[in-house]
Amino acid sequence: MIIDFLQLQLNELEGSNIQTLKHQNTKLKWTGSTIEATELVYALFETKCINNGETDIKELVEILGTVIDLPDFDIYRSFIDIKNRKKNSTVFIDKMKQRLLDKIDEE
């Protein structure tokens, strides 16, 4: 009877329920903008550094959302906004690069 109960509980955690559980228990919360999240997701996607590029944008958003509690947003619309920038399309990526260089150069 206990085994049956535990099996039932495990079955309930499968699929989207496990994603909800992970999302509720995360302690990391994305505090940047959705445009910054979009830059990060597309940079990861275009460098093919996750699953050798065998994934799609939506899947990356879902996975990152479970890890760092991303807000719901339309990543494709956000990407269009990035493409429409007049001066610098990669503001967040450039900021990340500069912060990393500054850290490397610290004495």
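Figured I'd write up the structure that's included with this text. Please read all numbers here as calculations on a predicted model, not as lab measurements.

Another aspect to go through is the overall build of the chain. Of the regular secondary structure elements, the chain holds six helices and zero strands. Listed N to C, the secondary structure of the chain is α-α-α-α-α-α in terms of helices and strands. Scored against the burial criterion, the 107 residues of the chain give a buried share of 22%. Taking all contacts inside the chain whose residues are at least 6 apart in sequence as the whole, residues at least 24 apart take part in 66%. Within the structure as shown, the chain displays about 8500 Å² of accessible surface, and the carbon and sulfur contribution to it stands at 56%.

Let's shift gears to helix α3 (residues 34–46). For α3, which comprises 13 residues, the first-to-last C-alpha distance of 18 Å matches the rise-based estimate of 18 Å (1.5 Å per residue) to within 8%. Listing the buried residues of α3 in full gives I35, A37, T38, E39, L40, V41 and Y42. Elements in contact with the buried residues of α3: α4 (57–68), α5 (75–83) and α6 (91–105). The positive-phi residue at the C-terminal boundary of α3 is K48, with phi of around 55°.

If you check which residues of α5 are buried, you get I75, S78 and I82. Take α5 and look down its axis: the buried residues cluster within an arc of 60°, on one side only. On its buried face, α5 sits against α3 and α4. Between a side-chain oxygen at the N-terminus of α5 and the backbone nitrogen of Y76 the separation is 3.1 Å; the capping residue is D74.

Enumeration over the complete set of coordinates arrives at two aromatic pairs. On the numbers, 6.1 Å between centres and 75° between planes, the contact of W30 with F92 is edge-to-face. Of this pair, W30 sits in the loop between α2 (16–25) and α3 while F92 sits in helix α6, and the two are 62 residues apart along the sequence. Ring centres of Y42 and F79 lie 4.0 Å apart, and the angle between their planes is 15°; on these two criteria the pair is classed as stacked. Highlighted residues: Y42 in helix α3 and F79 in helix α5, separated in sequence by 37 residues.

Relative to the elements of secondary structure, T66 occurs in helix α4. From its side chain, T66 meets the backbone oxygen of I63 in a polar contact 2.7 Å long.

Here we take up the environment of I75. Here I75 lies in helix α5. Residue I75 is classed as buried on the basis of its relative accessible area of 3%. Discounting residues that sit within four places of it in the chain, I75 has contacts with T38, V41, Y42, I57 and V61.

Here is what the cut-offs are and how they apply
Numbering of residues starts from 1 in every chain and runs along the sequence as written. Thresholds applied to this predicted model are a pLDDT of at least 70 for local features of residues and 80 or more for the giving and counting of side-chain atom pairs; totals over whole chains, interfaces and linings are not thresholded and use all residues. Working from all heavy atoms in the structure, the side-chain values ignore hydrogens and water. We count a stretch as a helix when DSSP gives it H or I for four or more residues in a row; a strand needs E for two or more, and each element gets its number in order from the N terminus. Each residue gets one of three labels from its accessible area relative to the maximum for its type: buried under 20%, exposed over 50%, partly exposed in between, using a 1.4 Å probe on protein chains only. Any two residues whose heavy atoms approach within 4.5 Å are treated as being in contact. Reported accessibility uses the Shrake-Rupley method at a 1.4 Å probe radius. Residues are deemed covered only where the shown protein chains occlude them. Any helix carries an expected span of 1.5 Å times its number of residues minus one. To obtain the arc, one takes the directions from the helix axis to the C-beta atoms. By the criterion applied in these results, polar contacts are pairs of N or O atoms within 3.5 Å in which, for protein atoms, one can donate a hydrogen and the other can accept it, and in which residues neighboring in sequence qualify only through two side-chain atoms. In summary, the pairing rule links any two rings of Phe, Tyr or Trp, Trp by its six-membered ring, whose centres are within 6.5 Å, and it sorts them by plane angle into stacked for under 30 degrees, edge-to-face for over 60 and tilted for everything else.

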